[in-house]
Amino acid sequence: MRFLVRSVALVALMAAATPAGAQARSSVPRDQSITLGLSKGAGALTCPFCTGTGKGGVAGLLAVDRSFRRGVRLGLELDWWMHAGAGDSRSVMAAIPMVQFYPAPAGPLFFKVGFGVSRFSATSDEEELRTTAPSGIIGLGWEFRLSSHTLLVPYLSWLNGAGGNMRLNGAHVTDFGGVTLLQYGVAWSRR
């Protein structure tokens, strides 16, 4: 699984890097942005014998992206979710290289899609359950321009992972562990 994480990180870095000559010839603006989001969310563990019921909690994202061509942005998104109660805690962490598409290149509406890796963790006083799975994300957002470089972005996204290695207190349980995360909230973006 470490190989998969390293591979995803390498692909994201290679996609973000472009030769200086290509930048000089391109008429596409190479603006980079950073986005911080805070949201409500519902995360769940999925497997053949799990209920898959989502628990509400606090969620968010951190994303870095840049223009690739008109109406398309490439980037890396880190998503998280936390829920605590009844003596246990649950969390989701994900790293997803993603693409944002703008149906109208100068418009505020965008759709995003990506593929990476996520981890679900549940801990209590006696047990620790973890699963790490290849995961995809889809979502949409609407950009409200606050200034020439600042945006307010309401967003909705859904992450789904499957085929992960699930472990209970370090012991292998199944290779069919998965994770889901639904987020809806507001992000601040600096471009």
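Residues numbered from 1 in each chain as written. Predicted model: local features only at pLDDT ≥ 70, side-chain atom pairs only at ≥ 80, totals over all residues. Heavy atoms only, no water.

> Explain the overall build of the chain to me, and be specific about the residues and the numbers.
When its secondary structure is counted, the chain shows two helices and nine strands. N-terminal to C-terminal, the α/β element order of the chain is α-α-β-β-β-β-β-β-β-β-β. Split into buried and exposed, the 191 residues of the chain put 38% on the buried side. In the chain, of all internal contacts separated by at least 6 residues, the share reaching a separation of at least 24 is 58%. Within the structure as shown, the chain displays about 10400 Å² of accessible surface, and the carbon and sulfur contribution to it stands at 65%. (Helix = DSSP H or I, 4+ residues; strand = E, 2+ residues; numbered from the N terminus. Buried < 20%, exposed > 50% of the residue type's maximum accessible area, 1.4 Å probe, protein only. Contact = heavy atoms within 4.5 Å. Areas by Shrake-Rupley, 256 points an atom, 1.4 Å probe, with all protein chains shown as cover.)

> Quick one: what's the story with empty space enclosed by the protein, residue by residue and with numbers?
If you walk through the whole model with that rule in mind, you get two cavities of 30 Å³ or more. Of the volumes computed, that of the largest cavity is approximately 160 Å³. Lining the largest cavity we find 17 residues, and of these Thr35, Leu61, Gln100, Phe110 and Val153 sit closest to its centre. Going through the elements one at a time, strand S1 (32-46), strand S2 (55-69), strand S4 (88-101), strand S5 (109-123), strand S8 (150-168) and strand S9 (171-190) are the ones with two or more residues in the lining of the largest cavity. For the lining of the largest cavity, the residue count by class is eight nonpolar, four polar and five charged. (1 Å grid on protein atoms, 1.4 Å probe; cavity = no way out; pocket = protein on both sides within 12 Å on 5 of 7 lines; lining within 4 Å. Points joined across faces, edges and corners; volume = space filled by probe spheres on them. Nonpolar A, V, L, I, M, F, W, Y, C, P; charged D, E, K, R; others polar.)

> Explain unusual backbone geometry to me, using residue names and the numbers behind them.
Across the chain, the bulk of peptide bonds are trans and the bulk of non-glycine residues have phi less than zero. Non-glycine residue asparagine 169 carries a positive phi angle of around 50°. Note on placement: asparagine 169 falls in the loop between S8 and S9. The partly exposed category is assigned to asparagine 169, whose relative accessible area is 47%.

> Any chance you could break down the pattern of salt bridges for me, citing the residues and the numbers?
A side chain of one charge can pair with a side chain of the opposite charge when the charged atoms of the two come close. Applying the stated rule across the entire model yields seven salt bridges. The partner of arginine 73 in a salt bridge is aspartate 65, and the shortest N-O contact between them spans 2.5 Å. Here arginine 73 falls in the buried class, since its relative accessible area comes to 4%. The closest approach of N and O atoms between arginine 130 and glutamate 128, which form a salt bridge, is 2.7 Å. Accessibility expressed as a relative area gives 31% for glutamate 128, which makes it partly exposed. Several salt bridges converge on common partners, so that one network encompasses Asp31, Asp65, Arg73, Glu143 and Arg191. (Salt bridge = Lys/Arg side-chain N within 4 Å of Asp/Glu carboxyl O.)

> So, the pairing of S9: which residues are in play, and what are the values?
Of the strand pairs in this sheet, S1 and S9 are connected by 13 bridges, and their pairing is antiparallel. What sits directly across from isoleucine 34, in S9, is arginine 190. Where S8 meets S9, 16 bridges bridge the pair, whose relative direction is antiparallel. Pairing of arginine 167 across the sheet is with histidine 172, part of S9. (Pairing = 2+ DSSP bridges.)

> Outline the environment of valine 99, supporting the account with residue identities and numerical values.
Relative to the elements of secondary structure, valine 99 occurs in strand S4. For valine 99, a relative accessible area of 21% corresponds to the partly exposed category. Valine 99 sits 12 residues away from phenylalanine 111 along the chain, and the two C-alpha atoms are 8.3 Å apart. Contact partners of valine 99, with chain neighbours within four places excluded, come to Val72, Arg73, Leu74, Phe111, Lys112 and Val113.

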